[in-house]
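Structural features, examined
Here's the letter readout for the chains.
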Amino acid sequence: MGIRFEKGINKDNAVSLCEWSNEKGKDFQEQWMGPKTSYPLSYDKIKGLENLFSIFDEQDFIGVIQKVRIDRDNIHIGRFVLEPRKTGLGLGSEALKDFVDFIFKDDHIRSITLTVFDYNQNAKRLYEKLGFEIDEVIESPKLKYIMRLRR
């Protein structure tokens, strides 16, 4: 595996991302896009996202991840999704680990946070495996956790 990142997303890959997400349905889209982006996903909803990174395995586009918010010494990441046919192969774990390493190259960053819904236990286990710990529990409208990884 050769995971790499490119800042932004081209239109063809964005269209593929929309197809993957829409095929999996509204709940799947909410898991990775959050509840504020209406279903179905479209190119217009993706093209304006700032600090979005395309994820590649060698030359194959396999997903995206975003620096959602930068607060002094913390970066909140989200919108992390892989092509559903590529899950379970270790690519998500490798991509997230590499992205965390990339973020921590900035000496000013002391922690990384992300949000995960309680019902998304596979993602939660992946984040815990990489050292993220529950920092905050939010119970409305669906149970979710803010998880933090400190340098």
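Structure report, in brief.

Conventions adopted
Along each chain, numbering runs from 1 in the same order as the chain's sequence is written. With the structure being a predicted model, the display of local features is reserved for residues of pLDDT at least 70 and the display and counting of side-chain atom pairs for 80 or more, all residues being used for whole-chain, interface and lining totals. Side-chain calculation: all heavy atoms of the structure are included, whereas hydrogens and water are not. Each helix corresponds to a stretch of at least 4 residues labelled H or I by DSSP, and each strand to a stretch of at least 2 residues labelled E; elements are numbered beginning at the N terminus. What the globule rule says is 2.2 Å times the number of residues to the power 0.38, and the radius of gyration is computed from C-alpha atoms. Between the N-to-C directions of two axes lies an angle of 0 to 180 degrees, each axis being a line fitted to C-alpha atoms and, for a helix, fitted only over the stretch in contact. Note on angle classes: values under 35 degrees are labelled roughly parallel, values over 145 roughly antiparallel, values of 65 to 115 roughly perpendicular, and the remainder oblique. Residues count as neighbours in contact if any of their non-hydrogen atoms are within 4.5 Å of one another. By the convention adopted, Pro, Cys, Tyr, Trp, Phe, Met, Ile, Leu, Val and Ala count as nonpolar, Lys, Arg, Asp and Glu as charged, and the other residues, Gly among them, as polar. Only protein chains enter the accessibility calculation, which uses a 1.4 Å probe; a residue whose area is less than 20% of its type maximum is buried, one above 50% is exposed, and one in between is partly exposed. Strand pairing follows a simple DSSP-based rule, namely that at least 2 bridges must link the two strands. Put simply, buried Ala, Val, Leu, Ile, Met, Phe, Trp, Tyr and Cys residues joined by side-chain atoms within 4.5 Å make one nonpolar core.

So, about the overall build of the chain. Counting secondary structure elements, the chain contains five helices and seven strands. Along the chain, from the amino end to the carboxyl end, the secondary structure elements read β-α-α-α-β-β-β-α-β-α-β-β. For the chain, whose C-alpha radius of gyration is 15 Å, the value lies close to the compact-globule estimate of 15 Å for 151 residues. Each principal axis of the C-alpha atoms in the chain carries an extent, and together these give about 35 × 35 × 30 Å.

In the contact formed by helix H1 (residues 11-24) and helix H2 (residues 26-33), the axes pass within 5 Å of each other and the chain directions differ by 125°. Overall, the two elements H1 and H2 adopt an arrangement that is oblique. Taking contact as the criterion, the partners of Leu17, Trp20, Ser21, Asn22 and Lys24 in H1 are, on H2, Phe28, Gln29 and Trp32. Looking at the contact of H1 with H2, its residues break down into four nonpolar, three polar and one charged.

This next bit is on the environment of Glu50. By secondary structure assignment, the location of Glu50 is in the loop between helix H3 (43-47) and strand S2 (52-57). Take Glu50: its relative accessible area is 61%, and that puts it in the exposed class. When the C-alpha positions of Glu50 and Ala95 are compared, they lie 19 Å apart, and in sequence the two are 45 residues distant. Residues contacting Glu50, with those up to four places away along its chain left out, are Gln66 and Lys67.

So, about the sheet that holds strand S6 (residues 133-138). Two pairing modes exist for strands in a sheet, parallel and antiparallel, and in both the strands are linked by backbone hydrogen bonds. Sheet architecture is open: seven strands sit in the order S1-S2-S3-S4-S5-S7-S6, paired in mixed fashion. Edge positions in the sheet fall to strand S1 (3-7) and S6, since each has one partner strand and no second. Ignoring which end each strand starts from, the neighbouring axes of this sheet average 30° apart. Bridge analysis of S2 against strand S3 (residues 60-71) gives six bridges, and the strand direction is antiparallel. The partner of Phe53 across the bridge, within S3, is Ile65. Of the strands in this sheet, S2, S3 and strand S4 (74-82) are in contact with H1, which crosses S3 at around 90°. The strands touched by helix H4 (residues 91-103) are S1, S2, S3, S4, strand S5 (111-117) and strand S7 (144-150); relative to S4, the strand with the most contacts, the crossing angle is about 155°.

Let us now look at the side chain of Ser111. Note that Ser111 resides in strand S5. Ser111 gets classed as buried once you look at its relative accessible area, which sits at 6%. In this view, Ser111 contacts Asp73, Asn74, Ile75, Phe104, Arg148, Leu149 and Arg150; residues no more than four positions away in its chain are not counted.

Judged by nonpolar contacts, the single largest core of 27 residues is most densely connected at Ile55, Ile65, Ile77, Phe80, Leu96, Tyr127 and Phe132. Every residue in contact with Phe132, bar those within four places of it in the chain, is listed here: Val100, Ile112, Leu114, Tyr127, Met147, Arg148 and Leu149. Leu17, Leu52, Phe56 and Val81 belong to the second-largest nonpolar core, a separate cluster that totals 14 residues.

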